[in-house]
Amino acid sequence: MTSSAPLDDLAAKARRVHESVTLVRGRAQSAGGHVTAEVDAAGRITALTITDTALAGGAAALAAIVTATHRAACAEAEEAAQALRDELAADPRVAQIVAGTRTTAPAAPRHHPGPEDDEDAYYATRSILRSI
C-alpha cells in the first residue's frame, strides 16, 4: 500500500458524496396541489408543473404559490444534500484537514481606496466642474 492510499480513499469518498449530491432532488406541492416543483441540490428548478386552476387565480397569486412551493422544495433538497455532506464531514480525516486550515489570526482588514487615495481631479476637488 502506498503512502497516498488513505488520501486516495478519502478523495474517492468525496467524489461519491459529490456525485450523490448532484443527484439530490427536492420536491414540493402547493397546498391545493396545483403547483409542483422539483429542484436540485443548488435550488435550480428541474421540473415545474402548474395546473390550469392555478392560472385562474391571477398572476400575483400564482407567483406567491410558485415561490412558496419552490422554497419548500429547496428546503427538502438542502436537507438531503446536507445529510450526504455530513457523512463526509464526519470522517476524522476531514476533521483533521479542516482543523489544519483554521487560523487563529484575525483577517487583516481590507483597504478600500477612498476619494483621498484617488488622484483623479474629480475626487481631488469633489466636483467635476472644478476640474474643467
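Residues numbered from 1 in each chain as written. Predicted model: local features only at pLDDT ≥ 70, side-chain atom pairs only at ≥ 80, totals over all residues. Heavy atoms only, no water.

J.: Got a minute to help me understand the overall build of the chain in this structure?
T.: Regarding its fold elements, the chain presents five helices and three strands. Written out in order from the N terminus, the α and β elements of the chain read α-β-β-β-α-α-α-α. Expressed as a percentage of contacts within the chain between residues at least 6 apart in sequence, the contacts between residues at least 24 apart total 50%. Carbon and sulfur atoms make up 58% of the accessible area of the chain, which totals about 9,700 Å². (Helix = DSSP H or I, 4+ residues; strand = E, 2+ residues; numbered from the N terminus. Contact = heavy atoms within 4.5 Å. Areas by Shrake-Rupley, 256 points an atom, 1.4 Å probe, with all protein chains shown as cover.)

J.: Please explain the packing of helix α1 (residues 5–23) against helix α4 (residues 92–101) as it appears in this structure.
T.: The description of two helices packed together rests on the angle between their axes and the distance between the axes. Packing of α1 against α4 brings their axes to within 11 Å, and their N-to-C directions diverge by 100°. Taken together, the axes of α1 and α4 are roughly perpendicular relative to one another. Counting all contacts with α1, which are made through Pro6, Asp9, Leu10 and Lys13, the residues of α4 involved are Arg93, Val94 and Ile97. (Axes fitted to C-alpha atoms, helices over the stretch in contact; angles between N-to-C directions. Parallel < 35°, antiparallel > 145°, perpendicular 65-115°, else oblique.)

J.: Would you take a moment to explain the nonpolar core for this structure?
T.: Nonpolar side chains tend toward joint burial in soluble globular proteins. One finds Val21, Ala41, Ala73 and Leu88 to be the most contacted residues of the largest nonpolar core, which totals 13 residues. Elements that contribute at least two residues to this core include exactly α1, β2 (35–40) and α3 (59–89). Looking at this core element by element, the count peaks at four residues for α3. Not counting residues up to four positions away in its chain, the partners in contact with valine 21 are Ala41, Ala81, Leu84 and Arg85. (Core = buried A, V, L, I, M, F, W, Y, C linked by side-chain atoms within 4.5 Å. Buried < 20%, exposed > 50% of the residue type's maximum accessible area, 1.4 Å probe, protein only.)

J.: What should I look at first to understand α3 in this one?
T.: For an α-helix, the turn length of 3.6 residues means that residues three or four places apart are oriented alike. If you check α3, its first and last C-alpha atoms are 43 Å apart, about what 31 residues at 1.5 Å a residue would give, namely 45 Å. Listed as buried for α3 are Leu62, Val66, Thr69, Ala73, Ala77, Ala81 and Leu88. Taken together, the buried residues of α3 touch α1, β1 (25–29), β2, β3 (45–50), α2 (52–56) and α4. (Expected span 1.5 Å × (residues − 1).)

J.: What am I meant to see in the environment of arginine 85 here?
T.: Inspection of the secondary structure puts arginine 85 in helix α3. Separated by 64 residues in sequence, arginine 85 and valine 21 place their C-alpha atoms 7.9 Å apart. When neighbours within four sequence positions are excluded, arginine 85 is seen to be in contact with Val17, Val21 and Glu78.

J.: What's the story with the packing of α1 against α3 in this structure? I'm lost.
T.: One way to put it is that α1 packs onto α3 with a least axis distance of 9 Å and a crossing angle of 175°. Here α3 runs roughly antiparallel to α1, going by the angle between their axes. Of the residues in α3, those in contact with Leu10, Lys13, Ala14, Val17, Ser20 and Val21 of α1 are Ala81, Leu84, Arg85, Glu87 and Leu88. Per-class residue counts for the contact of α1 with α3 are seven nonpolar, one polar and three charged. (Nonpolar A, V, L, I, M, F, W, Y, C, P; charged D, E, K, R; others polar.)

J.: I would appreciate a short explanation of the environment of glutamine 82 in the present structure.
T.: Position of glutamine 82 among the secondary structure elements: in helix α3. Separated by 41 residues in sequence, glutamine 82 and alanine 41 place their C-alpha atoms 9.1 Å apart.

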